[in-house]
Amino acid sequence: MSWSAWLVCALVAGGVGYLALAGFVWANRQGVGSRPLVVMLLSVKVWSVCYALELSSSAIEVAKFWSALKYLGVVSLPPALWSFVFAYTGRGRMSRRAVALLTIHPIVVMALLLNPATRPLIQDYDHTSRVLDAQVPGAGPLFWPHAAYVYVLMLGADFVLMARLAKIAPPYRRQGALLIAASLLPCFGNVVWNAGLFRRGMVDPTPFLFGITAVVLVWGFFRLRLLDLTPVARGIVIEQMADGVLVLDVYGRVVDVNAAAASIISFPRRAMIGRYVVDVVPGLAPVLEKQEVGSAVDTVEDEVLIYPMPPAEITDDAFGGFWGGLFTRPDLERLEKPGAGKGLTGGGPLRVTALERSFPAAPSSSQRRPADGHQETDHREIDLRTPRERHSGEQLVLGPPRDVAARMTWVTDPVGRQIARLVVLRDVTESNRTAKKLRELLNEQTRLSETLRQSLRPASLPQLPGLRFAARSVPSARGGGVGGDFYDVHPADSGESAFVLGDVAGKGVHAAVVTSMARYTVRTLSAQGWTPSEVLRQLNRALQTPDDLERFCTVVYGLVSDVAPDDPQHPAERRIRVTLSLGGHPPPLLRRYRDGSVHAVGRPGTALGLLPHVDVHEVVVEMEAGDVLLAYTDGVTEARVGEEQFGEKRLAEVLAAVPRSIGRDWPSSHWRSDHPEYERDPWTEQQDSGPGARPPHPATRLAEAVADSVLAAVQSFASEQDDVALLVLTAT
């Protein structure tokens, strides 16, 4: 077989190879630009096969047919190449107008070639040259305008493609250069051949050169997955996003980054491309470990710290970059360096001490161990450890770190293969700082609320001879933890005692101020020996202010005194006298021990703080051992579910249901005779604790049981209620 026959076979084999490559690309057509690449390969196939058939034809008419058909592949290449470039560089599909303009040239050329009268304008068969055994036509008058037009289109598309490939990551820069060279090679070879610079009779090398280009393009875009990783120039939306966006390849290298990410990371944008992301943001290392290749975890979220770094010229140290990602927030110490430039914080660089890393420590060239075994660090030498090898040490930074929320997601192709990682970074420093301030504000408000609550009621209730107390107070959620209800038990004049339970209008701090004033006003008036009704009248005057119409409250006030026994021979038969006065407050409920009856006591009066003069009265109630007096605020009876209120009747039923007797033989007279210690020093009930301590008086336990039962009944009746306050008195 002659060498000319071998060349023809090579051209035919090349055509078959183009068809195989086109089939491979079509099978992987999910990639951006795959379909135009298939058209390009088919166009070169037509060119190669028709050129081979032209060269193998001995008859001139057959050669003319294949030569004309060859141009179908030639004129199809520029539109296909531009369609590929449009898709690859993110411009999407070409417009109909562009397609129409690009199809004008192929239609005109093929029309000229298929018409025998106009064919000589492109192919001049009157002046032929012999290539192998075939007659190859010379160039007609319109051949070179046609060739120049094709060259301009091809070189323009190659230039746009080169501009895109020049921006790919450094790990692919050599491959990118090879792709650029391969895309220019056919054009260069065709120009040289058409210009007659090769020896006479040589075969056109363009189809062979296109074969090299096709193989290189398919290898580059499918083996290196450049079609998948960087198919488009970053869109305007991505570029203008406030969130940072990083694109990583499957090896964890930065392939693409937007301006926001470069700003958040404080790392030069161009220098970031091609680096391993753990060298840029070490804090992302644990995120990468959670999302290894082949992992079923699609998305991982975490928060890292990123430190702003000083430029090397303002420091005396040469150090490898450390760009964020701490797992603890270390302290920052001012590093005073003579002549150092001003950092972002207004001073010199700061030194970060005790950087805790998640990777094991590795020895450094800057560390040496003397004979005494202590390790020293020479900051003048270079630390050669990589960020992954650093465990602890010091680092120069310009200021406090940024809190950055990182979200890493696998990117998969349509068949489910993991081809890249998408990392979205959001600077949450300000939101975290705001959240911290909010937490501090809430904590301060909680402390203030607790202080105010403590001022509204005593820390503990005194247990008086002949009387025991229990109290409950639950503020409404609407008041921020500070309600308007208050209670108190305190000494009065002439050895007597007094108690008060009140409900101030309003909620929150305003109500707390009025409540505190009312409580201490009552204490002062009680100590001066005023009667219960006069105490309320004086409190009414104190509450009167012309600039505050909401400064009013309801109050139940009681003065407690002993009643002399009817039989001096039985002093244990003790009774307690309570003088009640109501200022617009619900009457307390009294439950008698002897028969379990429950009824309201006290005469209603006028609320305090509304009128210059109030109508208040005094009612005397005598309590015997086992009797219970329940004072409450309207938050108890007005708790509601829909239109139904808890009400006085239900409250009386709850009080009546509490067992009357607690403890053996109490409240019999001989029990009191057998336990005189409770009456001598009632306070020891609260002071005793630990094993062997004296248990609380049965009257104390009864008062606690009543308070717990009422509060539980109200809370189970209505999940939300107003301020609730209870004060329970039990005679011993």
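Keep in mind that this is a model prediction, so the values were computed, not measured. Each chain carries its own residue numbering, running from 1 in the direction its sequence is written. Residue-level local features of this predicted model are given only where pLDDT is at least 70; pairs of side-chain atoms are given and counted only at 80 or more, and the full residue set underlies all totals for whole chains, interfaces and linings. Only hydrogens and water are removed before side-chain values are computed, so all heavy atoms of the structure are retained for them.

(A) Layout of helix 22 (residues 698-717). A run of H or I in DSSP counts as a helix once it spans at least four residues, and a run of E counts as a strand once it spans at least two, with each numbered from the N terminus. To estimate the expected span of a helix, subtract one from its residue number and multiply by 1.5 Å. Counted at 1.5 Å a residue, the expected span for helix 22 with its 20 residues is 28 Å, and the 28 Å between its end C-alpha atoms agrees. Categorising residues by exposure relies on relative accessible area from a 1.4 Å probe, with only protein chains included: less than 20% of the type maximum marks a residue as buried, more than 50% marks it as exposed, and the intermediate range marks it as partly exposed. All of the buried residues along helix 22 are Pro-698, Ala-699, Thr-700, Leu-702, Ala-703, Val-706, Ala-707, Val-710, Leu-711, Ala-713, Val-714 and Phe-717.

(B) The sheet that holds strand 15 (residues 497-504), seen in detail. Each pair of strands is called paired provided DSSP finds at least two bridges between the two strands. Pairing is antiparallel across the open sheet formed by 5 strands, whose spatial order is 14-15-16-17-20. Strand pairing shows two members of the sheet lacking a second neighbour, strand 14 (485-491) and strand 20 (619-623), which therefore form its edges. The average undirected angle you get between the axes of adjacent strands in this sheet is 20 degrees. Both strand 16 (residues 553-563) and strand 17 (residues 575-583) contribute to a ladder of 8 bridges, which runs antiparallel. Every angle, taken between N-to-C directions, lies between 0 and 180 degrees, and every axis is a line fitted to C-alpha atoms, over only the stretch in contact when it is a helix.

(C) Region of the structure containing the packing of aromatic side chains. Two rings belonging to Phe, Tyr or Trp (six-membered ring only in the last case) form a pair when the distance between their centres is within 6.5 Å. Interplanar angles under 30 degrees mark stacking, angles over 60 mark edge-to-face geometry, and anything in between is tilted. All told, the structure shown has 4 aromatic pairs when counted by the stated rule. Pairing Phe-143 with Trp-144 gives two aromatic rings, centres 5.3 Å apart and planes at 80 degrees, and the pair type is edge-to-face. Sitting over the face of the ring of Tyr-125, Lys-64 holds its NZ or CZ atom 5.1 Å from the ring centroid. Of note, Arg-650 hangs over the ring of Phe-646, and the distance from its end group to the ring centre comes to 5.6 Å. Cation placement over rings: the criterion is NZ of Lys or CZ of Arg within 6 Å of the ring centroid and within 35° of the ring normal.

(D) Geometry of empty space enclosed by the protein. Only protein atoms enter the 1 Å grid used here, on which a cavity is any set of points holding a 1.4 Å probe that cannot leave and a pocket is any open set flanked by protein within 12 Å on both sides along at least five of seven lines; residues with an atom within 4 Å of a point are listed as lining. Grid points are joined across faces, edges and corners, and a volume is the space filled by probe spheres set on the points. Here the structure, examined in full by the defined rule, presents 4 cavities of 30 Å³ or more. The space that makes up the largest cavity amounts to roughly 90 Å³. What lines the largest cavity is a set of 12 residues, among which Met-40, Leu-81, Asp-158, Ser-183 and Thr-213 lie closest to the centre. At the level of secondary structure, the elements contributing two or more residues to the lining of the largest cavity comprise helix 3 (60-88), helix 5 (143-165), helix 6 (173-194) and helix 7 (206-223).

(E) Structural view of a nonpolar patch on the surface. Distance thresholds for patches are 9 Å for like charges and 5 Å for nonpolar side chains (Val, Leu, Ile, Met, Phe, Trp, Tyr), applied to residues having over 30% relative accessible area and no salt bridge. Shrake-Rupley sampling with a 1.4 Å probe provides the accessible areas, and residues are treated as covered by the protein chains on show and by no other component. By definition here, a salt bridge exists when the distance from a side-chain nitrogen of Lys or Arg to a carboxyl oxygen of Asp or Glu is within 4 Å. Nonpolar side chains collect at one region of the surface, where Leu-101, Ile-104 and Val-108 lie side by side and expose about 270 Å² of accessible area between them. The residue Ile-104 is located in helix 4 (residues 96-114) in this model.

(F) The side chain of Asp-249, seen in detail. The residue Asp-249 is located in the loop between strand 3 (244-248) and strand 4 (254-257) in this model. For Asp-249, a relative accessible area of 1% translates into the label buried. Polar contacts, as counted here, are pairs of nitrogen or oxygen atoms within 3.5 Å of one another; within protein the pair requires one atom able to donate a hydrogen and one able to accept it, and residues that are adjacent in sequence qualify only if both atoms are side-chain atoms. Only 2.8 Å separates the side chain of Asp-249 from the backbone nitrogen of Arg-253, close enough to count as a polar contact.

(G) Structural context of the pattern of salt bridges. In this structure the tally under the stated criterion is 16 salt bridges. Note that Arg-426 is salt-bridged to Asp-243, the shortest N-O span being 2.7 Å. Here Arg-426, found in strand 12 (residues 418-427), pairs with Asp-243, found in the loop between helix 9 (236-239) and strand 3; they are 183 residues apart in sequence, far enough to count as distant. Look at Arg-426 and you get partly exposed, because its relative accessible area is 46%. For Asp-243, a relative accessible area of 15% translates into the label buried. Here Asp-627 and Arg-592 are joined by a salt bridge, their closest N and O atoms 2.7 Å apart. Taken together, the residues Asp-627 in the loop between strand 20 and strand 21 (628-632) and Arg-592 in the loop between strand 18 (589-591) and strand 19 (598-600) connect sequence positions 35 residues apart. Of the two residues examined, Asp-627 and Arg-592, each falls in the buried class. Three or more residues joined by partner-sharing salt bridges are found here, namely Arg-472, Glu-704 and Asp-708.

(H) A look at the environment of Ala-147. With respect to the helices, strands and loops of the structure, Ala-147 is situated in helix 5. Each C-alpha atom, one on Ala-147 and one on Val-74, is 9.9 Å from the other, the two residues being 73 residues apart in sequence.

(I) Local environment of the pairing of strand 24 (residues 724-731). The buried fraction of strand 24 amounts to 8 of the 8 residues, a majority that puts the element mostly inside the structure. The two faces of strand 24 match: Val-724, Leu-726, Val-728 and Thr-730 on one face and Ala-725, Leu-727, Leu-729 and Ala-731 on the other face are all buried. Pairing of strand 13 (residues 467-474) with strand 24, which is carried by 8 bridges, proceeds in the antiparallel orientation. Each residue of the ladder has a partner; that of Ala-471, found in strand 24, is Leu-727. Of the pairings in the sheet, the one linking strand 21 to strand 24 comprises 5 bridges and is antiparallel in character. The residue of strand 24 that forms the bridge with Ala-631 is Leu-727.

(J) Region of interest: the sheet that holds strand 12. Pairing is antiparallel across the open sheet formed by 5 strands, whose spatial order is 4-3-12-11-5. Looking at the sheet topology across the chains shown, the edges are occupied by strand 4 and strand 5 (299-306). Taking each pair of neighbouring strands and ignoring which way they run, the sheet shows an average axis angle of 25 degrees. Relative to strand 4, strand 3 runs antiparallel, the two sharing 3 bridges. Considered in strand 4, the bridge of Val-247 is made with Asp-256.

(K) Highlighting helix 4. Counted at 1.5 Å a residue, the expected span for helix 4 with its 19 residues is 27 Å, and the 26 Å between its end C-alpha atoms agrees. The largest bend in helix 4 comes to about 25 degrees, at Thr-103, with the proline Pro-106 one to four residues further on. Turning to helix 4, its buried residues are Leu-102, His-105, Pro-106, Val-109, Met-110, Leu-112 and Leu-113. The angle between axes fitted to the seven-residue stretch ending at a residue and the seven-residue stretch beginning at it gives the bend at that residue.

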